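Topology and contacts: notes
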Amino acid sequence: MNNLAIIPARSGSKGLKDKNVKLLNGKPLIAYSIEAAKKSGIYSHILVSTDSEKYGEIALKYGAEVPFYRSVENSSDLASSWDVVKEVLYKYKDAGQEFDMFTLLQPTSPLRDYKDIQEAYHLFIDRKSIAIVSVCEMEHSPLWSNTLPENNSLAGFLNVETNKQRQILEKYYRINGAIYMANVKAFLENTNLYREGCYAYKMPAEKSIDIDTELDFKIAETIIKQ
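Residues numbered from 1 in each chain as written. Predicted model: local features only at pLDDT ≥ 70, side-chain atom pairs only at ≥ 80, totals over all residues. Heavy atoms only, no water.

1. Some details on the pairing of strand 7 (residues 173-183)
Bridge count for strand 5 (residues 101-104) against strand 7 is four bridges, and the pairing is antiparallel. Residue pairing across strands places Thr103 opposite Met181, the latter belonging to strand 7. Direction of pairing for strand 6 (residues 131-137) relative to strand 7: antiparallel, over a ladder of six bridges. Pairing of Val133 across the sheet is with Tyr180, part of strand 7. (Pairing = 2+ DSSP bridges. Helix = DSSP H or I, 4+ residues; strand = E, 2+ residues; numbered from the N terminus.)

2. Brief notes about the packing of helix 1 (residues 29-40) against helix 4 (residues 114-126)
Close contact between helix 1 and helix 4 brings their axes to 8 Å; oriented N to C, the two are set at 50°. If you check the angle between helix 1 and helix 4, you find them oblique. Judged by the twist between their axes, the crossing of helix 1 over helix 4 is right-handed. Each of Ala36, Ala37, Lys39 and Ser40 in helix 1 lies in contact with helix 4, whose residues at this interface are Tyr114, Ile117 and Gln118. The residue makeup of the contact of helix 1 with helix 4, split by class, is four nonpolar, two polar and one charged. (Axes fitted to C-alpha atoms, helices over the stretch in contact; angles between N-to-C directions. Parallel < 35°, antiparallel > 145°, perpendicular 65-115°, else oblique. Left-handed = near helix turned anticlockwise from the far one by under 90°. Contact = heavy atoms within 4.5 Å. Nonpolar A, V, L, I, M, F, W, Y, C, P; charged D, E, K, R; others polar.)

3. Some details on a nonpolar patch on the surface
On the surface, Leu215, Ile219 and Ile223 cluster together into a nonpolar patch covering about 240 Å² of accessible area. For Ile219, a relative accessible area of 33% puts it in the partly exposed group. (Patch = residues over 30% accessible without salt bridge, like charges linked within 9 Å, V, L, I, M, F, W, Y side chains within 5 Å. Areas by Shrake-Rupley, 256 points an atom, 1.4 Å probe, with all protein chains shown as cover. Salt bridge = Lys/Arg side-chain N within 4 Å of Asp/Glu carboxyl O. Buried < 20%, exposed > 50% of the residue type's maximum accessible area, 1.4 Å probe, protein only.)

4. So, the packing of aromatic side chains
In this structure the tally under the stated criterion is seven aromatic pairs. A ring pair is formed by Phe102 and Phe187, whose centres lie 4.9 Å apart and whose planes are at 70°; its orientation type is edge-to-face. A residue pair is termed long-range when its members are at least 10 positions apart, and Phe102 in strand 5 and Phe187 in helix 5 (residues 184-189) qualify at 85 residues. For the pair formed by Phe102 and Phe187, the shared burial category is buried. In this structure, Lys22 is placed above the aromatic ring of Phe217, and the distance from its NZ or CZ to the ring centre is 5.3 Å. In this structure, Lys27 is placed above the aromatic ring of Tyr32, and the distance from its NZ or CZ to the ring centre is 4.6 Å. (Phe/Tyr/Trp six-rings, centres within 6.5 Å; stacked < 30°, edge-to-face > 60°. Lys NZ or Arg CZ within 6 Å of the ring centre and 35° of its normal.)

5. Details of the pattern of salt bridges
Under the counting rule described, the total for this entry stands at seven salt bridges. Two residues, Lys19 and Asp212, come together in a salt bridge whose shortest N-O distance is 3.0 Å. Taken together, the residues span a long stretch of sequence, with Lys19 in the loop between strand 1 (3-8) and strand 2 (23-24) and Asp212 in the loop between strand 8 (198-202) and helix 6 (214-225) at a distance of 193 residues.

6. Some points on the layout of surface pockets
Approximately 430 Å³ is the volume attributed to the largest pocket. Around the largest pocket sit 21 residues that line it, and Arg10, Lys19, Asn20, Ser81 and Gln106 are the ones nearest its centre. In the lining of the largest pocket, the residues fall into six nonpolar, nine polar and six charged. For the second largest pocket, the calculated volume is near 240 Å³. Contributing to the lining of the second largest pocket are Tyr32, Glu35, Ala36, Lys39, Pro110, Leu111, Arg112, Asp113, Tyr114 and Ile224. (1 Å grid on protein atoms, 1.4 Å probe; cavity = no way out; pocket = protein on both sides within 12 Å on 5 of 7 lines; lining within 4 Å. Points joined across faces, edges and corners; volume = space filled by probe spheres on them.)

7. Some points on the pairing of strand 6
The buried count for strand 6 comes to six of seven residues, which makes it a mostly enclosed element. The pairing of strand 6 with strand 8 spans five bridges and is classified as parallel. Within the sheet, the bridge partner assigned to Val135 lies in strand 8 and is Lys202.

Next up, the structure:
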């Protein structure tokens, strides 16, 4: 199969300045996703979608392709990851290059490694799926959460039926943002991945850090060093 890895790396992050190229244990954050994609051995092309020449130079240094830069429309806070994916696929198509499968690898998931990508791909093939999305078990059950009124009263905060020990409650999972793998044809027909033919790839919590804050960086760096 002709597979494409897409690593989105917009500049101008408001929460954490230049987080996509911020040094994590001495290496730009984006480098972890590029290296994992390369080491997985399943991609014919590994592309970084960015609006920054600085980011582009870093991506090239670590072995990714930057054949074009992101459009102004898809460089704003309002553009979704799927808008970026479609732009990449259509630009390649205009250049005469089409793909069977793409994987969106967000640079903010540096603890996702090449083995995770390989295992997700094996699942993608074995299940004959339209998509594989990585998840992890939730740290706390959503059944233990609720909204609060203005006076912060906890009356009725927990349902009696769900106010049980954690071990007794059903397991809940969340999207961890590390891997979004999809059949190109199915995606372009319907960008909603969460439908029949989409399956979960389970990852442990310690590999599911999604970096958005300085604290996330420190946690990820501690795990990497250990």
